[in-house]
Amino acid sequence: MRRGLSLPALTFAASTALGLFPATFVMSSATASSLLTPEAINAAPLDAIPPTYEPPSSQVDPLTTSSTFKVGFAGPSTEFTPPHIGGTPSPSIVRLQVLLDRAGASPGVIDGLDGGNLRHAIAAFETMRGLPVDGKVGPQVIGAIDADKQVIGSYVVTAEDLSTVVGAIPKDYAKMAEMKYLGYARASEALAERFHMDEDFLKSLNPSATFAEGETISVADLGSGKRGKAVRLEVDKAEGQVRAYAEDRSLLAAYPATIGSEETPSPSGTYTVRAVVSNPTYTYNPKLNFKQGNNDKVLTLPPGPNGPVGTVWIELSEPSFGIHGTPEPARIDKTGSHGCVRLTNWDAQGLGKLLSRGVPVQFL
């Protein structure tokens, strides 16, 4: 297994408990929490996931939940919290999220929660495999994606993992500009991002961990990343997704995205990729873009995963617009951006590897 990931043994207790987890079984929060172990996730049945996602009727603040669903996928959105059991992640959904991530149909953060990002990823996977596209978890999807391989493995924390941890990051751009590097605030944040995981989920999977050097933790067992050459990108505003296509017109990869906002919408039409910049600095100009706090002067913010554009800037031919990473991966397709297209840092990195100068980018 790559990067020192190893397969945990499946316990009899976990497998017995999993036998009591059909889609119609309602568990208490305590029972659900007891199932959130590497053994339970690795053996979790995909057919325990409801075929379709039905959001509850009550609205919630989208900033307080990891996964939300946009009704109708178009226009001003109404966002809801997912109906995951007892407010805890589902082992089956965690397993599906990792398998989709490996296939190049990114679900965004791996958090075990159902919602719009997951269903769009399923639809992308269906497109990749030539299946009927409906975003549902059914026998065809399960048969195409299911694999007798672990999705959670063990990993030993290294000094390199901790080298990007710099402590608390200020919110004020003027104070950010005084720093040398906008790294991670915590070791758990750095490790969660490395393994495409929601930080709270990583902590719940490792309740006793301190995330210190030399410590063994449980993490998502990711694939090697999508490879190939994208010859065309689609930025789908309605579905909140960026899709990369290969020369044979097949769907190469898909990523959940935050695409502009009502106040500062993203452009329409077709543009081209001008450059892919890793670890970019960020120039804040309140006269050209937006005003942040009391800052009324041009500022240059240092690079880093917690900078405004994350770890990658994909420059487009439309001046001042681009596709980039974000310091808050759990909010992708939950909150608006200042006109640009935001991806998780790892998805922006993965997309950047597929691109070259001149690739057309069509906004739908």
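Residues numbered from 1 in each chain as written. Predicted model: local features only at pLDDT ≥ 70, side-chain atom pairs only at ≥ 80, totals over all residues. Heavy atoms only, no water.

Peer 1: Hey, could you go over the overall build of the protein for me, with residue numbers and the actual values?
Peer 2: Check the secondary structure of the protein and you find 11 helices and 15 strands. The burial tally for the protein puts 52% of its 364 residues in the buried class. Accessible surface for the protein amounts to roughly 16200 Å². Of this, 53% is attributable to carbon and sulfur atoms. (Helix = DSSP H or I, 4+ residues; strand = E, 2+ residues; numbered from the N terminus. Buried < 20%, exposed > 50% of the residue type's maximum accessible area, 1.4 Å probe, protein only. Areas by Shrake-Rupley, 256 points an atom, 1.4 Å probe, with all protein chains shown as cover.)

Peer 1: Which residues make up unusual backbone geometry, and what are the values?
Peer 2: Of note in this structure, His-196 is not a glycine but carries a positive phi near 60 degrees. Among the residues examined, His-196 registers a relative accessible area of 15% and is labelled buried. One non-glycine residue, Ser-320, adopts positive backbone phi at about 70 degrees. Using a relative accessible area of 53% as the deciding quantity, one classes Ser-320 as exposed.

Peer 1: Go over the layout of surface pockets, please, and point to the residues and values.
Peer 2: The calculated volume of the second largest pocket comes to roughly 1100 Å³. Lining the second largest pocket are 40 residues, with Arg-194, His-196, Trp-346, Gln-349 and Lys-353 sitting closest to its centre. Broken down by secondary-structure element, the contributors of at least two residues to the lining of the second largest pocket are α4 (91–103), α7 (159–162), α9 (187–194), β7 (251–256), β9 (269–278) and α11 (345–354). At 8 residues, α11 tops the list of elements feeding residues into the lining of the second largest pocket. Partitioned by chemical class, the residues of the lining of the second largest pocket number 14 nonpolar, 14 polar and 12 charged. (1 Å grid on protein atoms, 1.4 Å probe; cavity = no way out; pocket = protein on both sides within 12 Å on 5 of 7 lines; lining within 4 Å. Points joined across faces, edges and corners; volume = space filled by probe spheres on them. Nonpolar A, V, L, I, M, F, W, Y, C, P; charged D, E, K, R; others polar.)

Peer 1: Mind laying out the packing of aromatic side chains, listing which residues take part and the relevant values?
Peer 2: The relative placement of two aromatic rings is captured by the distance of their centres and the angle of their planes. The final tally for this structure, using the stated rule, is 4 aromatic pairs. Between Tyr-155 and Phe-195 the ring centres are 4.9 Å apart and the planes differ by 65 degrees, which places this aromatic pair in the edge-to-face class. Here Tyr-155, found in strand β3 (residues 152–156), pairs with Phe-195, found in the loop between α9 and α10 (199–205); they are 40 residues apart in sequence, far enough to count as distant. Each member of the pair, Tyr-155 as well as Phe-195, carries the same accessibility label: buried. (Phe/Tyr/Trp six-rings, centres within 6.5 Å; stacked < 30°, edge-to-face > 60°.)

Peer 1: Explain the confidence of the model for the protein to me, using residue names and the numbers behind them.
Peer 2: When the pLDDT values of the protein are averaged, the result is 82; 78% of them are 70 or greater. Segment residues 1–33: pLDDT under 50, and 59 contacts once partners within four positions in sequence are set aside and those in other chains are kept. Scored below 50 in pLDDT, residues 58–86 makes 71 contacts in the model with residues more than four places away or belonging to other chains. (pLDDT = per-residue confidence, 0-100. Contact = heavy atoms within 4.5 Å.)

Peer 1: An account of the pattern of salt bridges is needed here, citing residue identities and associated values.
Peer 2: All told, the structure shown has 10 salt bridges when counted by the stated rule. Across the pair Asp-114 and Arg-119 runs a salt bridge whose closest N-O atoms are separated by 2.7 Å. Residue Asp-114 shares its accessibility class with Arg-119, and that shared class is buried. Its salt-bridge partner being Glu-199, residue Lys-203 comes within 3.7 Å of it at the nearest N-O pair. Taken together, the positions of Lys-203 and Glu-199, both in helix α10 and 4 residues apart, correspond to about one turn of that helix. Several salt bridges converge on common partners, so that one network encompasses Arg-232, Glu-234, Asp-236 and Arg-243. (Salt bridge = Lys/Arg side-chain N within 4 Å of Asp/Glu carboxyl O.)

Peer 1: Summarise the packing of α4 against helix α5 (residues 116–128); cite the residues concerned and give the values.
Peer 2: Between α4 and α5, whose axes approach to 10 Å, the crossing angle comes to 45 degrees. Judged by the angle between their axes, α4 and α5 are oblique. Seen from above, α4 lies across α5 with left-handed handedness. Along its contact with α4, which presents Ile-93, Leu-96, Gln-97, Leu-100 and Ala-103, the element α5 presents Leu-118, Ala-121, Ile-122, Phe-125 and Met-128. Here the residues of the contact of α4 with α5 sort into 9 nonpolar, 1 polar and no charged. (Axes fitted to C-alpha atoms, helices over the stretch in contact; angles between N-to-C directions. Parallel < 35°, antiparallel > 145°, perpendicular 65-115°, else oblique. Left-handed = near helix turned anticlockwise from the far one by under 90°.)

Peer 1: Before we move on, could you go through the nonpolar core and cite the residues and values that matter?
Peer 2: Counting 43 residues, the largest nonpolar core has Leu-96, Leu-100 and Met-197 as its most contacted members. Mapped by element, the contributors of at least two residues to this core are α4, α5, α6 (139–145), β3, α9, α10, β4 (216–220) and β7. Grouped together as the second largest cluster of nonpolar side chains are 25 residues, Ala-244, Val-312, Leu-343 and Val-361 included. (Core = buried A, V, L, I, M, F, W, Y, C linked by side-chain atoms within 4.5 Å.)

Peer 1: Tell me what's going on with the sheet that holds β9, and back it up with residues and numbers.
Peer 2: Pairing is mixed in the open sheet, where 9 strands are placed in the order β7-β6-β5-β15-β9-β12-β13-β14-β8. Whereas interior strands pair on both sides, the edge strands pair on one side only; in this sheet they are β7 and β8 (258–259). Here strand β13 (residues 322–324) pairs with strand β14 (residues 341–342) via 2 bridges, running parallel. Each bridged residue has a counterpart across the sheet, and for His-324 the counterpart in β14 is Arg-342. Contacts from α5 reach β6 (241–245) and β7, with the element oriented near 175 degrees to β7. Running at roughly 155 degrees to β7, α11 makes contact with β5 (232–236), β6, β7, β9, β12 (312–316) and β13 of the sheet. (Pairing = 2+ DSSP bridges.)

Peer 1: If you had to explain α9 to someone new, which residues and values would you point to?
Peer 2: Because an α-helix completes one turn every 3.6 residues, residues spaced three or four positions apart along the sequence face the same direction. Most of α9 sits out of view: 7 of its 8 residues are buried. Within α9, the full set of buried residues consists of Ala-187, Ser-188, Glu-189, Ala-190, Leu-191, Ala-192 and Glu-193. Those residues of α9 that are buried lie in contact with β3, α7, α10, β4 and α11. Directly after α9, the chain includes His-196, whose backbone phi takes a positive value near 60 degrees.

Peer 1: Pulling in residues and values, what's your account of the side chain of Gln-241?
Peer 2: By secondary structure assignment, the location of Gln-241 is in strand β6. Gln-241 sits in the buried class, given a relative accessible area of 4%. At a separation of 3.0 Å, a polar atom in the side chain of Gln-241 contacts the side chain of Arg-243. With near-sequence residues (within four places) excluded, Gln-241 lies in contact with His-120, Ala-121, Ala-124, Glu-234, Val-235, Asp-236, Ala-254, Tyr-255, Pro-256, Ala-257 and Ile-259. (Polar contact = N/O pair within 3.5 Å; in protein donor to acceptor, adjacent residues only side chain to side chain.)

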